[in-house]
Amino acid sequence: MSDRLYIFDTTLRDGEQVPGCQLNTIEKIQVARQLEALGVDVIEAGFPISSPGDFNSVIEISKAVTWPTICALTRAVTKDIDVAAEALAYAKHKRIHTGIGTSDSHIRYKFNSNREEIIERAVAAVKYAKRYVEDVEFYAEDAGRTDNEYLARVIDAVVKAGATVCNIPDTTGYCLPEEFGNKIKYLMEHVDGLSAGKAILSTHCHNDLGMATANTMAGIINGARQAEVTINGIGERAGNTSLEEVAMILKCHRGIGIDTNINTQKIYPTSRLVSSLMNMPVQPNKAIVGRNAFAHSSGIHQDGVLKNVQTYEIMDPKDVGIDDNSIVLTARSGRAALKHRLSVLGVELDGEALDKTYEAFLRLADQKKEINDDDILMLAGADRTASHAIKLDYLQVTTGMGVRSVACIGLDITGEKFEASASGNGPVDAAIKALKRIINRQMTLKEFTIQAISKGSDDVGKVHMQVEYDGRVYYGFGANTDIVTASVEAYIDCINKFKK
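Analysis parameters
- Residues numbered from 1 in each chain as written.
- Predicted model: local features only at pLDDT ≥ 70, side-chain atom pairs only at ≥ 80, totals over all residues.
- Heavy atoms only, no water.
- Pairing = 2+ DSSP bridges.
- Helix = DSSP H or I, 4+ residues; strand = E, 2+ residues; numbered from the N terminus.
- Axes fitted to C-alpha atoms, helices over the stretch in contact; angles between N-to-C directions.
- Contact = heavy atoms within 4.5 Å.
- pLDDT = per-residue confidence, 0-100.
- Patch = residues over 30% accessible without salt bridge, like charges linked within 9 Å, V, L, I, M, F, W, Y side chains within 5 Å.
- Areas by Shrake-Rupley, 256 points an atom, 1.4 Å probe, with all protein chains shown as cover.
- Salt bridge = Lys/Arg side-chain N within 4 Å of Asp/Glu carboxyl O.
- Buried < 20%, exposed > 50% of the residue type's maximum accessible area, 1.4 Å probe, protein only.
- Phe/Tyr/Trp six-rings, centres within 6.5 Å; stacked < 30°, edge-to-face > 60°.
- Parallel < 35°, antiparallel > 145°, perpendicular 65-115°, else oblique.
- Left-handed = near helix turned anticlockwise from the far one by under 90°.
- Nonpolar A, V, L, I, M, F, W, Y, C, P; charged D, E, K, R; others polar.

A. Focus on the sheet that holds strand S12 (residues 405-413). Judged by pairing direction, the sheet is antiparallel, and its three strands sit side by side in the order S11-S12-S13 without closing on themselves. Single-partner strands in this sheet number two, and they are strand S11 (390-398) and strand S13 (416-424). Within this sheet the neighbouring strands show an average axis-to-axis angle of 15°, counted without direction. With nine bridges joining them, S12 and S13 adopt antiparallel strand pairing. By the bridge assignment for S13, Ser 405 is matched with Gly 424. In the packing of helix H16 (residues 427-438) onto the sheet, the strands contacted are S11, S12 and S13, and the crossing angle to S13 comes to about 140°.

In structure tokens form, the structure reads like this:
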């Protein structure tokens, strides 16, 4: 009989800490419901004390999902724990995730403390959280750089205090796989409460050196029975361990003898939903879910795949939810087909919201021959700009070889119409200069990224921008079959987020 690995998804907490990837509560509920359908065991819904938005999101996610455990993050601070408990009031299965830094670096420079005091604070936090919930997870921040003997003392103390899960994070992504695996093995051998089944160990690995998944697997093989992951590997800095990679490694390597509850056929649509809502592109060569993950360009590879797919593919694309025959819609597709495809992708639309999305779908279908999943998710999220004070009214650009580009732009600013024109070094430059003549502020374009959804000449282009204003950087997003229009929409998206 196989062992069971619990999947702890922190897309909505650690993943959402990526600049420009913040979601509103409605979007977080969409993701949470999709994670539930995927089979995630634990959803870390937020850090309630950090903001009213996070507090409210934990409440609403608790109401929206049924069987996964809802987890709220805290520091080893009583007020944090009080607020987390309040936010979890509606959760059917609730967990408080509390902890403190344990490396000598954290103890000395972050807490100006000593090892014995840190253990006391850790135990106190677990005992306090235990007053509210039975399921308490303790994290030893920077465990990757904590010496094993002291880490074992900390874990032993918190297990005795009532912790049910002990999280061993490689917070800086520093560990080598052998080193991290040995750390988990050492804890399993030196903490009696772990071998007695009073608590399980969890991995939480960052990808700063590209070893997050390797470290996670080393931890699992050596006794960890919970893995903390994110969809598409998103997260602070270089990101976290990818859920899809861990799930498919265990599925492909049956000999490891460890199963998850993940419905792998939901992986691809979940990946696309998160990418669309967070405006976070998936790199084409990303394992499992990248556009090129199942593509073969080498003649030798193509020949082998045509003869027997197993020569170069260790996974069936359908096992992760990729089915090219099921993701193409055209202008002849009706509302029911659109609604069904959105539902498969984790988006439930009815009534007026469905009508608006269908109208936008038909307009796009007139411009493109085929509509794919990313197009559909982009359309479903288009209403996020409906409440913007500044909207693009029209854009006309004249450009060509040997002539200077000229753009004329019209904006609707809270119902009032404004127009301007400008020339520039190319159509995008001209359009943004015209925009700046209306929005007369000191703004600096810091980053400009274009992403094609697929490969057609009629494709929808996504534009991601960073604009600096008044000492702060704002993130914007635009999508359109015309890349100049998408660029202007992304810039306007940034402006609408400026702090007053």
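B. Layout of the confidence of the model for the protein. Mean pLDDT over the protein stands at 89; residues scoring 70 or higher make up 91%. This model gives residues 296-307 a pLDDT under 50, and the stretch forms 13 contacts once residues within four places in sequence are excluded.

C. Spotlight on a nonpolar patch on the surface. On the surface, Leu 445, Phe 448 and Ile 450 cluster together into a nonpolar patch covering about 250 Å² of accessible area. Summarising the element assignment, Leu 445 is placed in strand S14 (residues 443-452). With relative accessibility at 35%, the residue Leu 445 sits in the partly exposed group.

D. Looking closely at the sheet that holds strand S2 (residues 6-9). Taking strand neighbours around the barrel as the criterion, the eight strands line up as S2-S3-S4-S5-S6-S7-S8-S9 in a closed arrangement whose pairing is parallel. Neighbour-to-neighbour, the strand axes of this sheet turn through a mean angle of 25°, independent of strand direction. Judged from the four bridges that link them, strand S4 (residues 69-73) and strand S5 (residues 94-101) form a sheet pairing that is parallel. The partner of Leu 73 across the bridge, within S5, is His 97.

E. Focus on helix H11 (residues 267-277). Extensive coverage of H11 is indicated by the burial of 11 of its 11 residues. Contacts from the buried residues of H11 go to helix H1 (25-38), helix H10 (243-252), helix H13 (335-344), helix H15 (373-380) and strand S15 (461-469). Of the residues trailing H11, Asn 279 is marked for its positive phi of about 50°.

F. How the structure looks around the packing of aromatic side chains. This structure, assessed with the given rule, holds four aromatic pairs. Geometrically, the ring pair formed by Tyr 128 and Tyr 132 is edge-to-face, given 6.0 Å between the ring centres and 80° between the ring planes. For Tyr 128, a relative accessible area of 16% corresponds to the buried category. For Tyr 132, a relative accessible area of 40% translates into the label partly exposed.

G. Here's a closer look at the packing of H11 against H15. One way to put it is that H11 packs onto H15 with a least axis distance of 10 Å and a crossing angle of 45°. Of the possible angle classes, the one that applies to H11 and H15 is oblique. Crossing handedness for the pair H11 and H15: right-handed. Counting all contacts with H11, which are made through Tyr 268, Arg 272, Leu 273 and Ser 276, the residues of H15 involved are Asp 373, Asp 374, Leu 377 and Met 378. Along the lines of polarity and charge, the residues of the contact of H11 with H15 split into four nonpolar, one polar and three charged.

H. The pattern of salt bridges, seen in detail. The final tally for this structure, using the stated rule, is 29 salt bridges. The salt bridge involving Arg 225 is made with Asp 3; its shortest N-O contact spans 2.9 Å. Within this pair, whereas Arg 225 is found in the loop between helix H9 (212-221) and strand S9 (226-229), its partner Asp 3 is found in strand S1 (residues 3-4), the two being separated by 222 residues in sequence. Judged by relative accessible area, Arg 225 falls into the buried class, the value being 18%. Beyond isolated ion pairs, a larger network of salt bridges with shared partners links Arg 13, Asp 14 and Glu 44.

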